[in-house]
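Topology and contacts: notes
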Amino acid sequence: PTGSNGPSGGLDYWPAGGMVDFDRDGRLDYLGPQWYAVITSPLLRNVTRGASDYITIRMDIPDEKNRNGIGATVRIYEAGKGGKKEALIGIKCISVSNGYSGGCPAEAHFGTPGHKKVDITITMPCDGNVYHVSKVSTKQLYTFKNQSP
């Protein structure tokens, strides 16, 4: 692949590849893990033009038994309209896997074209706490910390 550290001369097969924003520019990049140690695993940097509106949300709440929110449901809404069905922009589950033998950080990544701020609702698994925060700026990795449920 052009512009990567991947092998040249054809296609390869990476079923356990991970989609992660390695360079923290808001676009999901791809790492294709190689089976053979003698072949370099390609890291494909996403350089899509105009794909810079995003928010990535992670949790770090020491008072929660599940401080990183694995299994939590994250919803983002238009700013000032948190909880309103018609204002829902996206919904994701915080997970640490994304396919066959693939892992990823405990984060929820959303595209947010046209939104400078969003409201966030996080529902912890198993009828756990529900957290809200309003008018969070996009174009960032936002760490949700110590807010009261």
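Values in this document were obtained by computation on a predicted structure and should not be read as measured data.

1. As for the overall build of the chain
Helix and strand counts for the chain stand at zero helices and 10 strands. For the chain, the succession of helices and strands along the chain, N to C, is β-β-β-β-β-β-β-β-β-β. A burial count over the chain gives 33% of its 149 residues as buried. The contacts in the chain between residues at least 6 apart in sequence include a share of 50% that link residues at least 24 apart.

2. Describing the pairing of strand E4 (residues 54-59)
Most of E4 is tucked away: five of the six residues are buried. As defined by bridge partners, E4 adjoins strand E7 (residues 107-111) across five bridges and the pair is classed as antiparallel. The residue of E7 that forms the bridge with Arg58 is Glu107. Examined bridge by bridge, E4 and strand E10 (residues 140-144) share five bridges and lie parallel to one another. Residue pairing for E10: Thr56 is matched across the bridge by Leu141.

3. What about the packing of aromatic side chains?
Overall, the coordinates contain two aromatic pairs when judged by the stated rule. Ring geometry for Tyr131 against Phe144: centres 5.7 Å apart, planes inclined by 75°, an arrangement best described as edge-to-face. With Tyr131 in strand E9 (residues 130-137) and Phe144 in strand E10, the pair connects residues that are 13 residues apart, well separated along the chain. Across the pair, Phe144 and Tyr131 agree in class, each one buried. Between Tyr142 and Phe144, the ring centres sit 6.2 Å apart and the planes meet at 75°, which makes this aromatic pair edge-to-face. What links up through ring pairs into an aromatic cluster is the set Tyr131, Tyr142 and Phe144. The residue whose ring lies beneath Lys92 is Phe110, and the NZ or CZ to ring-centre distance is 5.4 Å.

Reading guide: rules and limits
- Residues numbered from 1 in each chain as written.
- Predicted model: local features only at pLDDT ≥ 70, side-chain atom pairs only at ≥ 80, totals over all residues.
- Heavy atoms only, no water.
- Helix = DSSP H or I, 4+ residues; strand = E, 2+ residues; numbered from the N terminus.
- Buried < 20%, exposed > 50% of the residue type's maximum accessible area, 1.4 Å probe, protein only.
- Contact = heavy atoms within 4.5 Å.
- Pairing = 2+ DSSP bridges.
- Phe/Tyr/Trp six-rings, centres within 6.5 Å; stacked < 30°, edge-to-face > 60°.
- Lys NZ or Arg CZ within 6 Å of the ring centre and 35° of its normal.

Worth remembering: the numbers are spatial, not functional.
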